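Letter by letter, the chains look like this.
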Protein chains: 2
Amino acid sequence: MLVVAGTHGNERNAPWLLQHWRRHPPSLAAAGLSLELVLGNPAAYARNQRYLERDLNRCFQPAVLADLRVGGPELEQARRLLAQHGPRGGRPCTVVFDLHSTTSAMGNSLVLYGRRPADLALAAALQARLGLPIYLHEADDSQTGFLVERWPCGLVIEVGPVPQGVIQAPICRQTQLGLEAALAVLAEARLGRLRLPRQLVIHRHLGSLDLPRGEDGTPLACLHPQRQHRDWHPMLPGDPLFLDPAGRTLCYEPPAALAAAPAAAVVPVFVNEAAYGEKGIALSLTRREELDLQPSWGEALLALAAPLAPAGPL
Amino acid sequence: MLVVAGTHGNERNAPWLLQHWRRHPPSLAAAGLSLELVLGNPAAYARNQRYLERDLNRCFQPAVLADLRVGGPELEQARRLLAQHGPRGGRPCTVVFDLHSTTSAMGNSLVLYGRRPADLALAAALQARLGLPIYLHEADDSQTGFLVERWPCGLVIEVGPVPQGVIQAPICRQTQLGLEAALAVLAEARLGRLRLPRQLVIHRHLGSLDLPRGEDGTPLACLHPQRQHRDWHPMLPGDPLFLDPAGRTLCYEPPAALAAAPAAAVVPVFVNEAAYGEKGIALSLTRREELDLQPSWGEALLALAAPLAPAGPL
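Residues numbered from 1 in each chain as written. Chains lettered and ligands numbered in written order. Predicted model: local features only at pLDDT ≥ 70, side-chain atom pairs only at ≥ 80, totals over all residues.

Enquirer: Describe the overall build of chain A, and please don't skip the residues or the numbers.
Expert: Scanning chain A for helices and strands turns up seven helices and 12 strands. A compact globule built from 314 residues would reach a C-alpha radius of gyration of about 20 Å, and chain A, at 20 Å, matches this within 12%. Taken along the three principal axes of its C-alpha coordinates, chain A extends 70 × 45 × 40 Å. Looking at chain A as a whole, 48% of its 314 residues qualify as buried. (Helix = DSSP H or I, 4+ residues; strand = E, 2+ residues; numbered from the N terminus. Rg over C-alpha atoms; globule rule 2.2 N^0.38 Å. Buried ≥ 20, exposed ≤ 12 C-beta atoms within 10 Å, placed from the backbone.)

Enquirer: So what about unusual backbone geometry? Which residues, and what values?
Expert: All names here are of chain A. Cis geometry is found at the peptide bond from Gly-160 to Pro-161, where omega equals 10°. Here Pro-161 is to be found in the loop between strand S6 (153-160) and helix H6 (169-190). Unlike most non-glycine residues, Asn-48 shows phi in positive territory, near 55°. Looking at the secondary structure, you find Asn-48 in the loop between helix H2 (42-46) and helix H3 (62-66). Classification of Asn-48 as partly exposed rests on a count of 18 C-beta atoms within 10 Å. Even without glycine at this site, Trp-232 takes up a positive phi of about 75°. Summarising the element assignment, Trp-232 is placed in the loop between strand S8 (222-223) and strand S9 (240-243).

Enquirer: How would you summarise the interface of chain B and chain A if you had to cite specific residues and measurements?
Expert: Facing 25 residues of chain B, the contacting portion of chain A comprises 24 residues. If you list the elements that add at least two residues to the side of chain B that touches chain A, you get helix H1 (13-23) and helix H6 (169-190) of chain B. The element contributing the most residues to the side of chain B that touches chain A is H1 of chain B, with three residues. Residue classes in the side of chain B that touches chain A are distributed as 13 nonpolar, 12 polar and no charged. (Contact = placed C-beta atoms within 7 Å. Nonpolar A, V, L, I, M, F, W, Y, C, P; charged D, E, K, R; others polar.)

Enquirer: Residues and numbers for the nonpolar core, please.
Expert: Counting residues in hydrophobic clusters, the biggest one holds 187 residues, and the most contacted among them are Leu-122 of chain A together with Leu-122 of chain B. For Leu-122 of chain B, the contacting residues outside a window of four places in its chain are Cys-153, Leu-155, Ala-182, Val-185 and Leu-301 of chain B. (Core = buried A, V, L, I, M, F, W, Y, C linked by C-beta atoms within 7 Å.)

Enquirer: Break down the packing of helix H5 (residues 117-130) of chain B against helix H7 (residues 295-305) of chain B for me, citing the residues and quoting the values.
Expert: Residue and element names in this part refer to chain B. Contact geometry of H5 with H7 gives a least axis separation of 7 Å together with a crossing angle of 95°. The orientation of H5 relative to H7 falls into the category roughly perpendicular. Contact with H5, carried on its side by Pro-117, Ala-118, Leu-120, Ala-121 and Leu-122, involves Ser-296, Trp-297, Gly-298, Ala-300, Leu-301 and Leu-304 of H7 and no other residues of that element. Residues belonging to the contact of H5 with H7 are distributed by class as follows: nine nonpolar, two polar and no charged. (Axes fitted to C-alpha atoms, helices over the stretch in contact; angles between N-to-C directions. Parallel < 35°, antiparallel > 145°, perpendicular 65-115°, else oblique.)

Enquirer: Tell me about H5 of chain B, and name the residues and values.
Expert: Residues and elements named next belong to chain B. Its 14 residues give H5 an end-to-end C-alpha distance of 20 Å, which sits within 8% of 20 Å, the value for a rise of 1.5 Å per residue. Ala-118, Asp-119, Leu-120, Ala-121, Leu-122, Ala-123, Ala-124, Ala-125 and Leu-126 are the residues of H5 that are buried. Against strand S4 (107-113), strand S5 (134-137), strand S6 (153-160), H6, strand S7 (199-209) and H7 lie the buried residues of H5. (Expected span 1.5 Å × (residues − 1).)

Enquirer: Could you give me a rundown of the relation of the copies chain B and chain A, with the residues and numbers involved?
Expert: Relative to chain A, chain B is turned by 180° and slid 0.0 Å along the rotation axis, the superposed coordinates differing by an RMSD of 0.0 Å. One copy is carried onto the other by what is essentially a two-fold rotation axis. Across chain B, the smallest distance between a C-alpha and the rotation axis is recorded for Pro-163 of chain B, namely 2.2 Å. Counting the interface residues of chain B, we find that 96% of their copies in chain A are interface residues as well, pointing to one common contact surface. (Least-squares fit on C-alpha atoms with pLDDT ≥ 70 in both.)

Enquirer: Lay out the sheet that holds strand S10 (residues 249-251) of chain B in plain terms, naming residues and giving numbers.
Expert: Residues and elements named next belong to chain B. Strand order in the open sheet formed by three strands is S8-S9-S10, with antiparallel pairing between adjacent strands. The open sheet has two edge strands, strand S8 (222-223) and S10, and neither has a second partner. Strand direction decides the pairing type here: strand S9 (residues 240-243) and S10, joined by three bridges, are antiparallel. Looking at S10, one finds that Pro-240 is bridged to Cys-251. (Pairing = 2+ DSSP bridges.)

Enquirer: Kindly report on the pairing of S4 of chain B, identifying the contributing residues and their values.
Expert: All names here are of chain B. Counting buried positions over the seven residues of S4 gives six, a clear majority of the element. Examined bridge by bridge, S4 and S6 share five bridges and lie antiparallel to one another. Each residue of the ladder has a partner; that of Gly-107, found in S6, is Gly-160. Of the strand pairs in this sheet, S4 and S5 are connected by four bridges, and their pairing is parallel. Bridge pairing in S5 places Tyr-113 opposite His-137. Once you follow S4 into H5 and on to S5, the crossover reads as right-handed. (Right-handed = clockwise from strand over helix to strand, strands pointing away.)

Enquirer: Account for the sheet that holds strand S10 (residues 249-251) of chain A, with residues named and values stated.
Expert: Reading across the sheet, the three strands line up as S8-S9-S10 (chain A) and stay open at both edges, with antiparallel pairing between neighbours. On the outer flanks of this sheet lie S8 and S10 of chain A, each paired with one strand and no other.

Enquirer: Give me the lowdown on H1 of chain B, citing residues and values where you can.
Expert: The buried count for H1 of chain B comes to eight of 11 residues, which makes it a mostly enclosed element. Those residues of H1 of chain B that are buried are in contact with S8 of chain A together with strand S1 (2-5), strand S2 (36-39), helix H2 (42-46), strand S3 (95-101) and H6 of chain B.

Enquirer: How would you sum up the domain arrangement of chain A? Please name residues and give values.
Expert: Residue and element names in this part refer to chain A. Segmenting chain A into domains produces domain 1 (2-198 + 293-308) and domain 2 (209-280). Domain 1 and domain 2 are separated by 28 Å when their C-alpha centres are compared. Contacts between domain 1 and domain 2 engage 10 residues on the former and 10 residues on the latter. Class assignment of the residues belonging to the side of domain 1 that touches domain 2 gives a composition of five nonpolar, four polar and one charged. (Domains from an automatic or database assignment.)

Written out as structure tokens, the structure reads:
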């Protein structure tokens, strides 16, 4: 089991927990699992910056990782993490939890990348236990190379709102709660006691919206205050979305890509996340969907959990 | 009149307003005053960082500015700002407003550096108009070299809470409201119509507290959640202040420097400001005091305001 904190160096809450867990291992209820606790981007953490040269959590494209002509501190760190704790690393791990925080009001939430069966089973069990909302990120060529994708099973625990560079006790508590629940689920799977719900509610990624911009790239409006801190709340065509400096409201119009069901509600996530401005993302749009659990999902998770058993008797 | 936004490159709200004011001058009610609108640290703004090498808003010590052997992007920018808009610059300004935002819940507030008569008169008139709380920073050798100190009159408008790198419409609105009120006060002074209140309420800086730290500098506790977002709220000895990772509350004990009146309430400001972690400041302590307005204060402001008159008839 791999736990990564500080993949982004200015998200300080999980690294603060990590320091504590290392000093006082009993303070993390690891459910008997063997854990590797890793600071994701130590160089960026030391400078309290998200990254030095490129976003570490976009560096995990196999083709880029394999191309040793492409370097830089983050790519080297990605390769180092895989060499140490990747599924074929020196101290191999099968499951990874990547602990993030956000300036958006995401609450305590999970992010899945694609529909890998083991991820879906794990997320379903976690949702049944804690009620966390799940953002299913898929089919977006503009955002790829996420860390958890390079392990057989893994997800992001995303907690907010909290400013970059700030530690807040409730954010830490939610992060710890999410991780401990995930570890408890895996321990149950290892013991053959995993109970899965019949359904899973996900919010499927549809795409992202940027701020309206002028020809030179200057934003011509900011987020409407009625949208701020309203992650997970449905938005309908005509709802206030942006506000220009003259005080004019710009309303949500479904983008062309959503023309198939333009009148249906979308659910914004990562609303006004500080780090996404440079990516041209003011918010992402999702749709709420219920997925029926498939037997193969639980089987995939059980198959991964089995080798996690420690040497001792159960 | 000089208006500076983005002295810290990751405080994005005032620069966003600045862009708008430049494109649409009527959108700032300048009360007939001639304004210079300046982006404080363009290089840091371009990288969405507080600063590149050193905090621009600690670079304005006269001895350091005068010592041309000391360089770097921020010191050079400080010298450039003074050469352009300092009281003896190419386009000289007499009064400066430096627009900041903070992750602390400071609301819409003013920061004064020392007790210059014109600053006190301006702040008093602003407080009478809008009710803003005032943080009077003085007598702290560990924090010096603030921008506004190099102009004959000037203050900081500080608005929060907002994460670094995030633009929020209410923060922009408060910033604009504060600046427009300040300009209206100066316009009244120029016309000889300045009305000052009889008293001014300030919160006088007493000192700052760091997080409890281990021998290697690692924080051993974070801010107590009951203190988060409680800027301007009194704190008494025994009140919860920090929380350690094991869940133990550490209570406020007056530092030795406050031994003269240890039982009196202190008023925290800049509570858990993201950028102050590196300065070893978890919060600053103040005491609320009422100051009687002195006739000399208003006279000092009037003397400065008079030359602001434009060439046209009044």
